[in-house]
Amino acid sequence: MKPSYLCTREEKNVVLENVPVTGYAAEGKALARVDGKVVFLEGGVVPGDVVDVRLSKNKKDWAEGKATHIRSYSPQRTEPFCEHFGLCGGCKWQMLPYEQQMAYKQQQVEDHLRRIGHLSFPPLEPILGAEHTRRYRNKLEFTFSNKAYLTDAEMPAKGEEIPRRNALGFHIPRLFDKVLDINTCHLMEEPANLIKNTIRAYAEKHDLSYYDIRQQQGWLRNLVLRVCSTGEVMANLVVHHEDEALKGLLDHLLEQVPAITTLLYTINPKKNDTIFDLEPKIWFGKGYVEEKLEDFTFKIGPKSFFQTNTYQGEALYKVTREFAGLTGKETVYDLYCGTGSIGIFVSRQAKKVVGIELIKEAIDDAKENAAANGVANAEFFAGDVIDIADDAFFAAHGAPDVIITDPPRAGMHEKLTAKLLEVAAPRIVYVSCNPATQARDLALLSEKYTIERVRPVDMFPHTHHIENVVLLQRKY
Ligand code: SAH
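Residues numbered from 1 in each chain as written. Predicted model: local features only at pLDDT ≥ 70, side-chain atom pairs only at ≥ 80, totals over all residues. Heavy atoms only, no water.

On to the overall build of the protein chain, then. Scanning the protein chain from terminus to terminus reveals 10 helices and 22 strands. Seen through its principal axes, the protein chain has C-alpha atoms that stretch 75 × 65 × 35 Å. Buried residues in the protein chain amount to 53% of all 476 residues. Expressed as a percentage of contacts within the protein chain between residues at least 6 apart in sequence, the contacts between residues at least 24 apart total 64%. Of the roughly 21700 Å² that the protein chain leaves accessible, carbon and sulfur atoms contribute 51%. Taking the average place of the 59 positive charges on the side chains of the protein chain and the average place of its 65 negative ones, the gap between the two points comes to 4 Å. (Helix = DSSP H or I, 4+ residues; strand = E, 2+ residues; numbered from the N terminus. Buried < 20%, exposed > 50% of the residue type's maximum accessible area, 1.4 Å probe, protein only. Contact = heavy atoms within 4.5 Å. Areas by Shrake-Rupley, 256 points an atom, 1.4 Å probe, with all protein chains shown as cover. Lys, Arg positive; Asp, Glu negative; His and termini not counted. Charge placed at Lys NZ, Arg CZ, Asp CG, Glu CD.)

Attention now moves to the sheet that holds strand S7 (residues 139-145). Strand order in the open sheet formed by seven strands is S9-S8-S7-S10-S11-S12-S13, with mixed pairing between adjacent strands. Two strands lie at the open edges of the sheet, namely strand S9 (175-181) and strand S13 (281-284), each paired on one side alone. Averaged over all pairs of adjacent strands, the angle between their axes in this sheet comes to 35°, without regard to strand direction. Bridge count for S7 against strand S8 (residues 167-172) is three bridges, and the pairing is antiparallel. Bridge assignment links Thr-143 to a residue of S8, and that residue is Gly-169. Against the sheet, helix H2 (residues 192-205) engages S7, S8, S9, strand S10 (220-227) and strand S11 (233-239), with an angle of about 155° to S10. (Pairing = 2+ DSSP bridges. Axes fitted to C-alpha atoms, helices over the stretch in contact; angles between N-to-C directions.)

Neighbouring the ligand are 16 residues, the closest being Gln-307, Tyr-317, Glu-357, Val-385 and Asp-406. Between Tyr-317 and the ligand, the recorded distance is 2.6 Å, taken from a side-chain N or O atom to an oxygen atom. With respect to the ligand, the side chain of Asp-406 contributes an N or O atom lying 2.8 Å from a nitrogen atom. Protein coverage of the free-state accessible area of the ligand, which is 570 Å², stands at 84%. (Near = heavy atom within 4 Å. Polar contact = N/O pair within 3.5 Å; in protein donor to acceptor, adjacent residues only side chain to side chain.)

What follows covers the UniProt feature "active site" (unreviewed entry) in the protein chain. The UniProt record annotates "active site" (unreviewed entry) at Cys-433. Note on placement: Cys-433 falls in the loop between strand S20 (427-432) and helix H10 (435-445). The class for Cys-433 is partly exposed, based on a relative accessible area of 21%. Apart from residues lying up to four places away in sequence, Cys-433 is in contact with Pro-407, Pro-408, Arg-409, Ile-466 and Glu-467. (UniProt positions renumbered as here; feature names shortened; annotations may be inferred.)

Our focus in this paragraph is the packing of helix H1 (residues 98-115) against H10. When two helices pack together, their arrangement is captured by the angle between the axes and the distance separating the axes. Direction vectors running N to C along H1 and H10 enclose 35°, while the axes themselves pass 8 Å from each other. For H1 against H10, the interelement crossing comes out right-handed. Contacts from Val-109, His-112 and Leu-113 in H1 reach Pro-435, Ala-436, Ala-439 and Leu-442 in H10. Among the residues forming the contact of H1 with H10, the class breakdown is six nonpolar, one polar and no charged. (Left-handed = near helix turned anticlockwise from the far one by under 90°. Nonpolar A, V, L, I, M, F, W, Y, C, P; charged D, E, K, R; others polar.)

This part takes up the pairing of strand S16 (residues 331-335). When you tally the buried positions in S16, you get five out of five residues, the bulk of the element. Neither face of S16 is open: one carries Thr-331, Tyr-333 and Leu-335, the other Val-332 and Asp-334, and all of them are buried. Sheet topology note: the S16/strand S17 (residues 352-357) ladder contains five bridges and is parallel. Across the sheet, Asp-334 pairs through a bridge with Gly-355, a residue of S17. After leaving S16, the chain enters helix H5 (residues 341-346) and then returns to the sheet as S17, a path that is right-handed. (Right-handed = clockwise from strand over helix to strand, strands pointing away.)

All right, on to the pairing of strand S22 (residues 467-474) then. Counted residue by residue, S22 has six buried out of eight residues, so it is predominantly covered. Of the strand pairs in this sheet, S20 and S22 are connected by six bridges, and their pairing is antiparallel. When the sheet's bridge partners are listed, Tyr-430 is paired in S22 with Val-470. With eight bridges joining them, strand S21 (residues 449-457) and S22 adopt antiparallel strand pairing. Considered in S22, the bridge of Pro-456 is made with Asn-468.

On inspection of all chains with the given rule, the structure shows 13 aromatic pairs. Measuring from ring centre to ring centre gives 5.0 Å for Phe-142 and Phe-170, while their planes differ by 25°; the resulting arrangement is stacked. Residue Phe-142 is found in strand S7, and its partner Phe-170 is found in strand S8; the two are separated by 28 residues along the sequence. The exposure classification of Phe-142 matches that of Phe-170, with both residues buried. Between Phe-381 and Phe-393 the ring centres are 5.1 Å apart and the planes differ by 90°, which places this aromatic pair in the edge-to-face class. Here Phe-393 lies in helix H8 (residues 391-397) and Phe-381 lies in strand S18 (residues 378-382), a separation of 12 residues in the sequence. Linked through ring pairs, Tyr-333, Phe-381, Phe-393 and Phe-394 together constitute an aromatic cluster. One cation-aromatic arrangement involves Arg-134 over Phe-81; the distance from NZ or CZ to the ring centre is 3.7 Å. Lying over the aromatic face of Tyr-288, Lys-299 brings its terminal NZ or CZ to 4.6 Å of the ring centre. (Phe/Tyr/Trp six-rings, centres within 6.5 Å; stacked < 30°, edge-to-face > 60°. Lys NZ or Arg CZ within 6 Å of the ring centre and 35° of its normal.)

Written as structure tokens, this is what we have:
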């Protein structure tokens, strides 16, 4: 059916009716076309739905809006498996079958390379899907709040007081002080839910206070969990101040959940939630857990960075190593190396690995991980990659045969792409968690490089996030 409003002018508060959703754009937004104008849609709609849309932006060439009503549902839809679907910001793509999710991700990588990069490239290799599509995260952080998010059904009638309720769960997107109370989360293996629900039950029974982020008061703040493929389990409970209630709570938790291998607590009297500048204290166990990628072991402390999906992290590194095409003779640079995991993973097939990473603590971990795994041919350096990777650095550590680069979502700084063109390593493997900025950077690199292989990897099932690996070969 044709939409009832011809959307050609710049008007606000326009409601479009009967709009067929046709595809996905970047960042998980759905897409429709109304009289040639692209409309980006929020509100959990999928291609094949027919919806009414209230526009929030209406520009000359494009518009943006939220679906206010779904007139008919797409036949592609499937039943979401989580009771918190629709409110929780977590697994937003559950209403799409997994095969369909992967097809959209694959398509999006291709679209970005074509439309943003204007690149020529060989046919994409099929996206590497996950075997574990649920309970795949090794890290989760829950938040305590005295302001539970209330659904419409829970809201009192007009004039009545809004009930105050505690919550232990996830922040509601865009509402910074509201937390959705989570019963069962499907993102992590047990005992994740058991730990969370045991703490909640104890806190309610003993009337322990939950943090109020606006008033900056209350005791229980965050719960950070690591459940590893090795079976090790770490819990870090973050509270506002030392309190005698702590002993009762932590001892009760250990008694109820014997699977916990290490238990920590952290005192956070600050306004913000980050524990990066705080000192977690060990209550029980060795204070860290270990995770394995192939036969390499990585030590993960309460503040360490590690790929949050171990299974697909390993799959991603295997693709990266394959693309690098190592024979044992190569000098490999691992840019944005984090805790050195890619460099360590490829080290046996390389002559030498040189890793660079901004965060000093991550470099300390990288060195420790290399030593613990008997990797003697890797060196790691802390600092901004733009400052570190200069001519003197390359001269000192050797001309790169392969550069592996894995920047954050913003992609590489232009100074770095310029440097890579100057250094002109025979091969570059570009690992990206944002194919849009990757396409932009590849366009710059296309001056000297051709794209040989492209393979997306699905690290985060039921979300719109995409990881993509590209192999570049120097042209001459
Ligand atoms: N390759 C790693 C981490 C990738 S995440 C892994 O697979 O685990 C990107 C990393 O880039 C982060 O660790 C971040 O701290 C680092 N980073 C961000 N900006 C940087 C910069 N300008 N110079 C060096 N490292 C940077």
